[in-house]
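# Observations on the model geometry
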Amino acid sequence: KLSKPFLKWAGGKGQLLNKFKELYPQELINGEIKIYIEPFVGGGAVLFDILQNYQIEKAYINDINKELINCYRCIKANVEEVIKQLDILEKEYLTSEDRTNYFYKVRDRYNEIQLNAHYDFEKCADFIFLNKTCFNGLYRVNSKGYFNSPIGRSSSGKIPDIVQADAIRALSRFLQ
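My aim in this report is to walk through the structure given alongside it, one point at a time. Only a predicted model underlies this, so the values are computations on that prediction, with no experimental measurement involved.

### Let's talk about unusual backbone geometry
Unusually for a residue other than glycine, N136 sits at a positive phi of about 55 degrees. Its location among the elements puts N136 in the loop between α7 (121-133) and α8 (165-175). Accessibility expressed as a relative area gives 52% for N136, which makes it exposed. One non-glycine residue with positive phi stands out, namely Q164, at about 45 degrees. As for its placement among the helices and strands, Q164 is situated in the loop between α7 and α8.

Here you go:
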């Protein structure tokens, strides 16, 4: 069971999930709908609610954000590689003497990587790391298409949980 989304996502539907459930078609509730298509998956709140609670045999997801889709593909294809790379990023970030500088170094590298292959595990790990450490998890790009959200600041001083291995493994199982 998925306990929480693996990403913070602007426009995420998690907080509105109870309202959305009221709008689910009766055919879904009755088990008559077997295929689910999610054109704007984002963090996947509705998708995972439906997969966990209804008898869906096949699901198709998409999003206009190709880096987000790369993340879903990588987590499905090799979740342990994603976790391994996130673990490295988290350890380097937590032991860095200058976390702000480290964040911007990762952001610059992320912007240099061009998605050419079906899976890009480094870009996936950087994407998740940036989501966990940037301002409010906001995915924002400039006119050139470069991710430009600034580093986030935790008012409580709480260290972000970057790896979230259990949540990402659960996500991988659902994506199979």
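### Considering the side chain of D63
In this structure, D63 sits in the loop between β2 (58-61) and α4 (66-77). Buried and unpaired, D63 has no salt bridge, with K13 as the nearest side chain of opposite charge at 6.8 Å. At 3.0 Å, the side chain of D63 forms a polar contact with the backbone nitrogen of G42. Here N65 takes part through its backbone nitrogen, which lies 3.0 Å from a polar atom of the side chain of D63.

### Topic: the pairing of strand β1 (residues 35-38)
Burial along β1 is one-sided: the face carrying Y36 and E38 is buried and the face carrying I35 and I37 is not. The pairing of β1 with β2 spans 4 bridges and is parallel. Residue pairing across strands places I35 opposite K58, the latter belonging to β2. You can see the chain leave β1, run along helix α3 (residues 45-53) and come back into β2, and the turn it takes is right-handed.

### Focus: the packing of aromatic side chains
Counting across every chain of the model gives 13 aromatic pairs. Aromatic side chains Y102 and F129 sit 5.8 Å apart centroid to centroid with 90 degrees between the ring planes, which places their arrangement in the edge-to-face category. Remark: F129 occurs in helix α7 and Y102 occurs in helix α6 (residues 99-112); sequence separation between them is 27 residues. The buried category is assigned to Y102, whose relative accessible area is 6%. Relative to F127, the ring of Y110 lies with its centre 6.3 Å away and its plane at 40 degrees, an arrangement referred to as tilted. In this pair, Y110 sits in helix α6 while F127 sits in helix α7, placing the two residues 17 residues apart along the sequence. When the ring centre of Y93 is taken as reference, the NZ or CZ atom of R99 above it lies at 5.5 Å. The aromatic ring of Y110 is capped on one face by K123, whose charged end is 4.2 Å from the ring centroid.

### Considering the nonpolar core
Among the nonpolar cores identified, the biggest contains 44 residues, and I75, L86, I128 and F129 are the most heavily contacted of them. Elements supplying a minimum of two residues to this core: α3, α4, α5 (79-95), α6, α7 and α8. Filtering out sequence-adjacent residues up to four positions away, L86 remains in contact with A125, I128, F129, I162, V163 and I168.

### A closer look at the pattern of salt bridges
Tallied over the entire structure, the rule returns 8 salt bridges. Between D49 and K21 there is a salt bridge; the shortest N-O distance is 3.3 Å. Of this pair, D49 sits in helix α3 while K21 sits in helix α1 (residues 17-23), and the two are 28 residues apart along the sequence. Within the structure, one salt-bridge network assembled from shared partners comprises R109, E122 and D126.

### Some points on the side chain of T133
Within the secondary structure layout, T133 lies in helix α7. For T133, the contacting residues outside a window of four places in its chain are Y93, F103, I151, G152, P160 and I162.

How each quantity is defined
- Residues numbered from 1 in each chain as written.
- Predicted model: local features only at pLDDT ≥ 70, side-chain atom pairs only at ≥ 80, totals over all residues.
- Heavy atoms only, no water.
- Helix = DSSP H or I, 4+ residues; strand = E, 2+ residues; numbered from the N terminus.
- Buried < 20%, exposed > 50% of the residue type's maximum accessible area, 1.4 Å probe, protein only.
- Lys, Arg positive; Asp, Glu negative; His and termini not counted.
- Salt bridge = Lys/Arg side-chain N within 4 Å of Asp/Glu carboxyl O.
- Polar contact = N/O pair within 3.5 Å; in protein donor to acceptor, adjacent residues only side chain to side chain.
- Pairing = 2+ DSSP bridges.
- Right-handed = clockwise from strand over helix to strand, strands pointing away.
- Phe/Tyr/Trp six-rings, centres within 6.5 Å; stacked < 30°, edge-to-face > 60°.
- Lys NZ or Arg CZ within 6 Å of the ring centre and 35° of its normal.
- Core = buried A, V, L, I, M, F, W, Y, C linked by side-chain atoms within 4.5 Å.
- Contact = heavy atoms within 4.5 Å.

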